[in-house]
Amino acid sequence: MPHPIVFLMFEIMLLLILFYRFLIRFFPGLVALTFSAAVAAQSPALNNSSDIEAQLNKILRAIAANRMSEATKLNDALLQAYPNFRLAYLIQGDLLRARVAPLRTIGDIPNIPDERVRALREEALQRLRGYLEKPPSNRVPRYLLQLRTDQRTAIVVDTKRSRLYVYENTNGQPRFLADFYMTQGKSGSFKLREGDEKTPIGVYHVTSSIPDSKLDDFYGAGAFPINYPNEWDRLNGRTGSGIWLHGVPSNTYSRPPKASNGCVVLSNPDLQKIAQWINPGTTPVVISEEVEWLNLDDWQREREQFQSAFDTWRRDWESRDMRRYLGHYAMRFQGDGLNYNQWAERKNAVNQSKTWIKVGVSNLSMFRYPNKSDEMIVVTFDQDYKSNNLENKMRKRQFWIKEQGRWRILVEEAA
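Residues numbered from 1 in each chain as written. Predicted model: local features only at pLDDT ≥ 70, side-chain atom pairs only at ≥ 80, totals over all residues. Heavy atoms only, no water.

1. Brief notes about the sheet that holds strand β8 (residues 210-211)
Judged by pairing direction, the sheet is mixed, and its four strands sit side by side in the order β8-β9-β10-β12 without closing on themselves. The strands lining the two open edges of the sheet, one partner per strand, are β8 and β12 (264-265). In this sheet, strand β9 (residues 222-225) lies alongside β8 in antiparallel orientation, the contact comprising two bridges. The residue bridging I210 from the neighbouring strand is A223, located in β9. (Pairing = 2+ DSSP bridges. Helix = DSSP H or I, 4+ residues; strand = E, 2+ residues; numbered from the N terminus.)

So, in structure tokens, the structure goes:
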């Protein structure tokens with residue numbers, strides 16, 4: 001009976017052949033490219049997903065141009081840097097095969113089920129897309145309407161593309177920093193209940209940091225839990241817990257696009273890279289099924305339109321005109337365990353004792369919710385409330401929805 005490594009090599013060769021067939025069919029221009037052998041053989045530092053994907057692209061272009069020696073040198077450098085990278089072994093297998101027979105876009109290899117290599121093929125295609133389809137330089141994710149001063153960065157996850165983007169806060173405007181290949185839940189995205197092995201879609205933030213010394217090797221270089229389920233999830237009856245950004249076991253470089261129990265998983269080098277940009281308690285994590293991009297003019301327009309609605313709510317509260325103030329709350333409102341009618345009754349009773357109110361707002365963040373079926377914006381801010389008989393300060397979070405063409409508050413809670 002053949003040694004198991006033989007079957008592994010057959011799987012590797014099959015996967016690469018199928019991958020090349022994809023390149024030829026969908027990216028004929030890429031396959032046709034040729035380049036200098038001296039330039040191609042240079043191996044840059046392989047520090048994160050972008051570096052590795054650039055290296056993979058060079059290798060595949062070299063193979064397509066029949067420059068097998070160059071491809072071998074580049075792939076050897078990749079394996080030397082990451083000896084547990086299965087995709088690099090896939091390419092190594094094909095390069096070994098090319099020594100005795102020309103590479104052909106044939107179909108399959110007998111007795112090797114396709115499902116055994118499908119996950120690796122999907123990773124290859126997602127990494128290629130990540131390399132070829134970078135975020136538009138003149139656009140920003142629609143969701144990042146405003147970052148607080150203490151939010152140095154924001155993380156945006158695109159589950160369709162298996163991609164994690166990091167944006168820097170530049171005077172409230174997001175600026176692209178880096179992107180990384182990532183893994184989501186085995187059953188995809190839009191988590192609804194405990195155990196469904198899906199990754200949640202929504203606006204969250206990192207709550208803490210867990211070092212690798214306190215974790216099983218399964219979680220790799222560390223973990224950053226997020227606050228799933230948030231207020232909106234709980235209002236919609238979504239259950240589950242333990243959704244983290246974390247790494248991979250020490251004997252693995254990366255996992256297939258759909259392989260976690262619902263967490264967002266990165267390679268250990270990539271997790272260590274983004275750790276420098278994460279501040280537990282403040283860093284937002286927006287998880288989307290597919291990122292929507294806006295040009296800066298449209299982004300600014302959406303931002304100003306909502307800011308106007310928010311400022312009007314604050315002024316109407318200060319006016320003590322209950323009709324105007326309560327007009328900012330949706331009929332499906334939930335807050336402090338109260339529905340709209342109970343909330344209105346409480347606010348009307350409290351207002352009777354007020355002769356003046358001042359509401360200060362600072363450290364405001366605004367994030368549009370990524371679920372396209374819900375036109376919703378999440379705001380978090382520090383509130384400084386003063387009146388003739390009461391003063392308090394608190395951090396508050398509100399979920400605003402479009403109701404009859406107007407922004408109204410659906411959820412209001414202490415953050």
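2. As for the pattern of salt bridges
This model, assessed by the stated rule, comprises 28 salt bridges. The residue K402 makes a salt bridge to E375 at a minimum N-O spacing of 3.8 Å. Of the two residues, K402 sits in strand β19 (residues 391-403) while E375 sits in the loop between β17 (357-368) and β18 (376-387), which places them 27 residues apart along the sequence. The partner of R395 in a salt bridge is D382, with the nearest N and O atoms 2.7 Å apart. Of this pair, R395 sits in strand β19 while D382 sits in strand β18; the two residues are 13 residues apart in sequence, bridging distant segments of the chain. Here R395 falls in the partly exposed class, since its relative accessible area comes to 27%. (Salt bridge = Lys/Arg side-chain N within 4 Å of Asp/Glu carboxyl O. Buried < 20%, exposed > 50% of the residue type's maximum accessible area, 1.4 Å probe, protein only.)

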